[in-house]
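# Examining the three-dimensional arrangement
So the chains spell out like this:
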Amino acid sequence: MSSEDVTYERAGDVLKAYLAKSEGGGGHPGLVLIPDVRGLGEHYRDVARRFAAEGFCTLAVDLYSREGAPEFPDMDAVFRWMRQLPDPRVLDDLAAAVAFLGQRPETAGQRIGITGFCMGGQYALMAACSVPGIAACVSWYGMLRYAEREERKPASPLDLAPRLACPYLGLFGEEDGLIPLADVEELRRILLRTGKAFEIRRYPGAGHAFFNDTRPDAYRPDAAADAWPRALTFLERVLKG
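Residues numbered from 1 in each chain as written. Predicted model: local features only at pLDDT ≥ 70, side-chain atom pairs only at ≥ 80, totals over all residues. Heavy atoms only, no water.

This paragraph deals with the overall build of the chain. Assigned secondary structure in the chain consists of seven helices and eight strands. For the chain, the C-alpha radius of gyration of 16 Å lies close to 18 Å, the compact-globule estimate for 241 residues. Overall, the C-alpha framework of the chain stretches about 45 × 40 × 35 Å when taken along its three principal axes. Evaluated residue by residue, the chain yields a buried proportion of 55% over its 241 residues. Restricting to contacts in the chain with at least 6 residues of sequence separation, those with at least 24 account for 72%. With the model as given, the accessible surface of the chain reaches about 10200 Å², and the carbon-plus-sulfur share is 49%. If you average the places of the 29 positive and of the 34 negative side-chain charges in the chain, the two averages end up 4 Å apart. (Helix = DSSP H or I, 4+ residues; strand = E, 2+ residues; numbered from the N terminus. Rg over C-alpha atoms; globule rule 2.2 N^0.38 Å. Buried < 20%, exposed > 50% of the residue type's maximum accessible area, 1.4 Å probe, protein only. Contact = heavy atoms within 4.5 Å. Areas by Shrake-Rupley, 256 points an atom, 1.4 Å probe, with all protein chains shown as cover. Lys, Arg positive; Asp, Glu negative; His and termini not counted. Charge placed at Lys NZ, Arg CZ, Asp CG, Glu CD.)

As enumerated under the stated definition, the model contains 26 salt bridges in all. With its nearest N and O atoms 2.6 Å apart, the salt bridge here joins Glu42 to Arg49. Across the pair Arg149 and Asp159 runs a salt bridge, and its minimum N-O distance is 2.5 Å. Of the two residues, Arg149 is situated in the loop between β6 (136-140) and α5 (157-160) and Asp159 in helix α5; the sequence distance between them amounts to ten residues. Given the relative accessible area of 36%, Asp159 is considered partly exposed. One salt-bridge network, in which partners are shared between bridges, spans Arg10, Asp13, Arg66, Asp92 and Asp93. (Salt bridge = Lys/Arg side-chain N within 4 Å of Asp/Glu carboxyl O.)

This brings us to the sheet that holds β6. Taken together, eight strands build an open sheet; the order of strands is β1-β2-β4-β3-β5-β6-β7-β8 and the sheet is mixed. Strands with a single pairing partner mark the edges of an open sheet, and in this sheet they are β1 (2-10) and β8 (198-203). Here the strands of the sheet are splayed against their neighbours by 20° on average, with no regard to which way each runs. Across the sheet, helix α6 (residues 181-193) is in contact with β7 (168-173) and β8; its angle to β8 comes to roughly 165°. Along the sheet face, helix α7 (residues 221-240) touches β3 (30-34), β5 (112-117), β6, β7 and β8 and points at about 170° away from the line of β6. (Pairing = 2+ DSSP bridges. Axes fitted to C-alpha atoms, helices over the stretch in contact; angles between N-to-C directions.)

Our focus in this paragraph is the environment of Asp46. Its location among the elements puts Asp46 in helix α1 (residues 42-53). Of the residues examined, Asp46 reaches a relative accessible area of 25% and is grouped as partly exposed. Expressed as a C-alpha distance, the spacing of Asp46 and Glu106, which sit 60 residues apart in the sequence, is 20 Å. A distance of 2.7 Å separates a polar atom in the side chain of Asp46 from a polar atom in the side chain of Arg50. (Polar contact = N/O pair within 3.5 Å; in protein donor to acceptor, adjacent residues only side chain to side chain.)

As defined by bridge partners, β1 adjoins strand β2 (residues 13-21) across nine bridges and the pair is classed as antiparallel. By the bridge assignment, Ser3 is partnered in β2 with Ala20. Linking β1 back to β2 in an antiparallel pair, the connection comprises two residues, with Ala11 at a positive phi of about 55°. Inspection of the sheet shows β2 paired to strand β4 (residues 57-61) by four bridges, in the antiparallel sense. If you follow Ala17 over to β4, its bridge partner there is Val61.

Attention now goes to the packing of helix α3 (residues 87-102) against helix α4 (residues 119-130). The N-to-C vectors of α3 and α4 enclose an angle of 70°; their axes lie 10 Å apart at closest approach. On the basis of the axis angle, α3 is roughly perpendicular to α4. Contacts between α3 and α4 involve Asp87, Val90, Leu91 and Leu94 from the first element and Tyr123, Met126, Ala127 and Ser130 from the second. Residue classes in the contact of α3 with α4 are distributed as six nonpolar, one polar and one charged. (Parallel < 35°, antiparallel > 145°, perpendicular 65-115°, else oblique. Nonpolar A, V, L, I, M, F, W, Y, C, P; charged D, E, K, R; others polar.)

Moving on, we get to the nonpolar core. Grouped together as the largest cluster of nonpolar side chains are 94 residues, with contacts concentrated most on Leu59, Leu94, Tyr123, Trp140, Tyr168 and Leu187. If you tally residues by element for this core, the top one is α7, at ten residues. The contact partners of Leu187, leaving out residues within four places of it in the chain, are Leu125, Leu144, Leu158, Ala161, Tyr168, Phe172 and Ile200. (Core = buried A, V, L, I, M, F, W, Y, C linked by side-chain atoms within 4.5 Å.)

Turning our attention to the packing of aromatic side chains. Applying the stated criterion across every chain yields a total of twelve aromatic pairs. With centroids separated by 5.4 Å and ring planes inclined at 50°, the aromatic side chains of Tyr44 and Phe117 adopt a geometry described as tilted. Highlighted residues: Tyr44 in helix α1 and Phe117 in strand β5, separated in sequence by 73 residues. For Tyr44, a relative accessible area of 4% gives the class buried. Overall, the relative accessible area of 0% leaves Phe117 in the buried class. When the centroid spacing of 5.7 Å and the interplanar angle of 20° are considered together, the rings of Phe211 and Trp228 count as stacked. (Phe/Tyr/Trp six-rings, centres within 6.5 Å; stacked < 30°, edge-to-face > 60°.)

In short, the description is geometric, and any link to function would need to be established separately.
See the structure below:
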């Protein structure tokens, strides 16, 4: 397994990412990985390497390539930042990432999936509903509802869900203070009503960021131990099948 920092372009902007891949040339399915709101830190580089070790050529994207990673003194600052981040720009950047990964020799002729965590899980679902070329989506505790819609946030994940264009796996904690269970169940109802291929898994006793093993306050080993092989099995079935 090897890894490197890479760049690619979208509309004249140079975007940064971290590419982790298995040895042995081409023939590997691709996976775009979207970090949480704090950006592409070492934890998500490590998660990218874990996916690569399982045979997925993984591109962990830096959504803050233009402005640099933000610093958050408190949770209010986190929420303000997310409200100000323009969804159309993010989704266009993810479309460029999917295209870039699909053109790599390691993934030639293979399917491309997308996964993300927290805010990245939100955008993974949104991309699966709007970005061409995505064959599978795994969303880890991605937020689902917007309180308001405006130019930077024209449609929430729940608004876009009827347009889901690939199989979807949603992983949620039942004690997540950012994602009410009512939203998760609304997502389930929308996907059932529109005939989508999906799985939703809820973990009792787990809150937000239950997979993040660098955060003792949030990490839940039992939930993480179930979610990781579940995600791998899903991706292997959809992308390698």
